[in-house]
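Chain residues, written in single-letter form:
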Amino acid sequence: MAPIQPPQPERDFGGYAGFEGDGGDGFPRSRKLVRYGVPVAIAGVAAATIGLGTALASTGGSPSLPNITAEQLLDKIATSKVQTVSGSVQVTTDLGLPQGLVGGAMGGATGGAGPFGQHGGGKGGDGSAADPQAKLTELLSGTHTLRVAADGPDRQRVSIVDSTSEYTVVHNGDQMWAYDSASNAVYHQTADKNAKHGPRSHRAEQVPATPQEAVRQALKNVGPSTSVSVDGTAEVAGQQAYQLLIKPKQADSTVDSIRVAVDAANGVPLKFTLTPKGGGAAAVDIGYTKVDFGKPAASTFDFSVPKGAKVTEGKGSGENQGTQDHGGLSGLNVIGKDWSSVAELKSANGQLPSAKGGQSQSVEGLLGSFGHQVKGGFGTGTVINTRLVNVLITDKGAVFAGAVNQDSLVRAADSAAG
């Protein structure tokens with residue numbers, strides 16, 4: 001069989017059900033998640049997160065389907081014409097974050113509370129409990145049930161449902177509304193029509209809410225560094241599916257394999273499983289438990305402000321969104337490529353990140369409790385390990401992170417220092 005060719009740039013894997021905006025409508029797409037790993041969600045200073053996973057969707061037996069090659073299945077995903085979908089998604093994340101760092105990770109990835117220079121009681125960067133910047137990052141930990149719906153690139157809806165409350169984001173044309181029932185708070189943003197080619201918002205680093213978006217990110221690494229094959233069939237959420245198996249060839253990657261269940265009829269990813277090299281349960285699970293590809297009712301994307309709710313108006317996507325401040329860190333740089341990519345964030349003052357109130361001792365205490373010291377040509381630093389992502393924070397305030405082993409992080413830090 002001919003070698004698997006990498007996806008072409010003009011192809012958009014998996015339709016429009018990723019529930020992220022596009023620069024074309026003034027809302028930025030999340031396009032960097034998987035390629036850069038989960039840089040520094042642990043330390044609370046990272047902007048990027050990984051979006052790989054599986055579903056804990058109920059699966060049936062192995063249906064009998066016509067033979068298909070890996071190239072044909074990749075093409076089926078890339079050329080899928082599905083633009084409408086609704087259903088239920090279950091997301092389970094087990095990155096192996098030390099429990100004491102989970103709060104800091106959430107705060108750092110969202111700009112909310114945390115010991116690394118974050119501000120504000122679980123609220124997003126615009127001060128609202130309903131800001132998607134904070135709420136959607138909760139998918140980085142635990143198990144969550146989502147209700148989703150999409151009708152092309154201009155209308156999407158996703159709700160995170162738990163036993164006592166519900167959080168909903170609605171994108172309809174140039175309007176985006178979010179509502180947190182627990183706090184009766186509303187967040188509203190109007191797309192900046194002049195921001196098509198302008199600066200990206202911090203919301204570009206959101207966690208994918210559907211298998212389509214997770215697969216879209218993962219397939220960007222398909223090429224000579226990746227083994228791709230078809231590995232049987234499955235039934236997921238009542239749909240017959242082929243199983244695509246993706247395995248990195250680069251030895252320093254912490255990813256063992258990714259298994260994707262692809263709808264045999266329309267090429268839509270239904271189930272996405274990432275297994276780390278350490279074994280055990282999947283690190284992140286995203287998948288449909290129920291799915292319908294019919295057109296959702298137009299009223300699905302309507303939104304009315306609930307009585308008594310506090311409304312926060314977000315800044316337009318082109319306003320003050322240049323260089324972000326992640327606890328004193330800025331300037332994302334990527335070292336390496338494909339599965340060996342390492343994200344680098346530098347401290348502006350050459351010191352460890354600290355809170356605006358001056359919590360550098362708290363930062364050093366956390367590093368000492370959960371990390372171990374390493375040395376290299378870059379100097380001295382602390383490494384924090386999880387099941388999937390490793391993070392190196394140097395004593396000079398630089399941060400290196402990715403889904404790679406410790407030796408790869410040290411080499412990246414040495415390269416940056418040289």
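Residues numbered from 1 in each chain as written. Predicted model: local features only at pLDDT ≥ 70, side-chain atom pairs only at ≥ 80, totals over all residues. Heavy atoms only, no water.

1. Let's talk about the overall build of the chain
Helices and strands together make up the secondary structure of the chain, namely 6 helices and 18 strands. In the chain, which comprises 418 residues, the proportion classed as buried is 56%. Sequence separation of 24 or more characterises 65% of the internal contacts of the chain that already satisfy a separation of 6 or more. (Helix = DSSP H or I, 4+ residues; strand = E, 2+ residues; numbered from the N terminus. Buried < 20%, exposed > 50% of the residue type's maximum accessible area, 1.4 Å probe, protein only. Contact = heavy atoms within 4.5 Å.)

2. With respect to unusual backbone geometry
In terms of backbone geometry, most residues other than glycine have negative phi values and most peptide bonds are trans. Even without being a glycine, asparagine 184 presents a positive backbone phi close to 50°. Overall, asparagine 184 belongs to the partly exposed group, its relative accessible area being 24%. The phi dihedral of alanine 237 falls on the positive side, at around 50°, and the residue is not glycine. By secondary structure assignment, the location of alanine 237 is in the loop between β7 (226-236) and β8 (239-248). A relative accessible area of 13% places alanine 237 in the buried class.

3. Regarding the packing of aromatic side chains
Aromatic rings in a pair are described by how distant their centres are and how their planes are angled relative to each other. On inspection of all chains with the given rule, the structure shows 1 aromatic pair. Where tryptophan 177 meets phenylalanine 303, the ring centres are 5.1 Å apart and the plane angle is 20°; that geometry is what we call stacked. Placement of the pair is tryptophan 177 in strand β5 (residues 175-180) and phenylalanine 303 in the loop between β11 (284-292) and β12 (310-313), with a sequence separation of 126 residues. The class for phenylalanine 303 is partly exposed, based on a relative accessible area of 23%. (Phe/Tyr/Trp six-rings, centres within 6.5 Å; stacked < 30°, edge-to-face > 60°.)

4. A look at the pairing of strand β4 (residues 166-172)
For β4, the tally of buried residues reaches 5 of 7 residues, placing the bulk of the element in the interior. Two strands pair when backbone bridges link them, and strand β3 (residues 155-161) and β4 are joined in this way by 7 bridges, in the antiparallel orientation. By the bridge assignment for β4, serine 159 is matched with threonine 168. Between β3 and β4, which follow one another and run antiparallel, lie 4 residues. In terms of strand pairing, β4 meets β5 through 6 bridges, oriented antiparallel. Residue pairing for β5: valine 170 is matched across the bridge by tryptophan 177. Where β4 hands over to β5, the hairpin turn is made up of 2 residues, of which glycine 173 adopts a positive phi near 65°. (Pairing = 2+ DSSP bridges.)

5. Quick word on the nonpolar core
Nonpolar side chains tend toward joint burial in soluble globular proteins. Within the largest apolar cluster, 59 residues are counted, with the highest numbers of intra-cluster contacts made by Leu146, Leu244, Ile258, Val260 and Tyr288. Apart from the residues lying within four places of it in its own chain, the contact partners of valine 260 are Val215, Tyr242, Gln243, Leu244, Ile246, Pro269, Lys271 and Phe272. The next biggest cluster of nonpolar side chains, apart from the first, holds 13 residues, and it includes Val342, Leu392, Phe400 and Val410. (Core = buried A, V, L, I, M, F, W, Y, C linked by side-chain atoms within 4.5 Å.)

6. Observations regarding helix α6 (residues 406-417)
Between its first and last C-alpha, α6 extends 17 Å over 12 residues, near the 16 Å set by a 1.5 Å rise per residue. Among the residues making up α6, those that are buried are Ser408, Leu409, Val410, Ala412 and Ala413. (Expected span 1.5 Å × (residues − 1).)

7. Concerning the confidence of the model for the chain
Confidence in the prediction for the chain averages 74 pLDDT; 64% of positions are at 70 or higher. In the predicted structure, residues 196-206 sits below a pLDDT of 50 and forms 39 contacts with residues beyond four places in sequence or in another chain. Considering only residues more than four positions removed or in separate chains, one finds that residues 355-359, a stretch of pLDDT under 50, has 8 contacts. (pLDDT = per-residue confidence, 0-100.)

8. Describing the pattern of salt bridges
Note that side chains of opposite charge can pair when their charged atoms are close. Scanning all chains against the criterion turns up 8 salt bridges. The salt bridge involving aspartate 94 is made with arginine 387; its shortest N-O contact spans 3.4 Å. Taken together, the residues span a long stretch of sequence, with aspartate 94 in the loop between β1 (84-93) and α2 (99-110) and arginine 387 in the loop between β16 (379-385) and β17 (390-394) at a distance of 293 residues. Judged by relative accessible area, which is 36%, aspartate 94 ranks as partly exposed. By relative accessible area, which is 25% here, arginine 387 ends up partly exposed. Where aspartate 252 meets arginine 411, a salt bridge forms, and the shortest distance between an N and an O atom there is 3.6 Å. On the criterion of sequence distance, the pair formed by aspartate 252 in the loop between β8 and β9 (255-263) and arginine 411 in helix α6 is long-range, its members being 159 residues apart. Linked through salt bridges whose partners overlap, the residues forming this network are Asp151, Arg155 and Lys295. (Salt bridge = Lys/Arg side-chain N within 4 Å of Asp/Glu carboxyl O.)

9. Some remarks on the side chain of serine 253
Along the chain, serine 253 falls in the loop between β8 and β9. Owing to a relative accessible area of 2%, serine 253 belongs among the buried residues under this scheme. Ignoring anything within four residues of it in the chain, the contact list for serine 253 reads Pro248, Lys277, Trp339, Ala403 and Val404.

10. Let's talk about helix α1 (residues 70-78)
Those residues of α1 that fall on the buried side of the exposure criterion are Ala70, Leu73, Leu74, Ile77 and Ala78. For α1, the buried positions fall inside an angular range of 140° around the axis, keeping them on one side. (Arc of directions from axis to C-beta.)

11. Details of the side chain of glutamine 250
With respect to the helices and strands, glutamine 250 occurs in the loop between β8 and β9. A relative accessible area of 18% places glutamine 250 in the buried class. Looking at glutamine 250, its side chain comes within polar contact range of the main-chain nitrogen of tryptophan 339, at 2.9 Å. Residues in contact with glutamine 250, not counting those within four places in the same chain, are Ser225, Lys277, Lys337, Asp338, Trp339 and Ser340. (Polar contact = N/O pair within 3.5 Å; in protein donor to acceptor, adjacent residues only side chain to side chain.)

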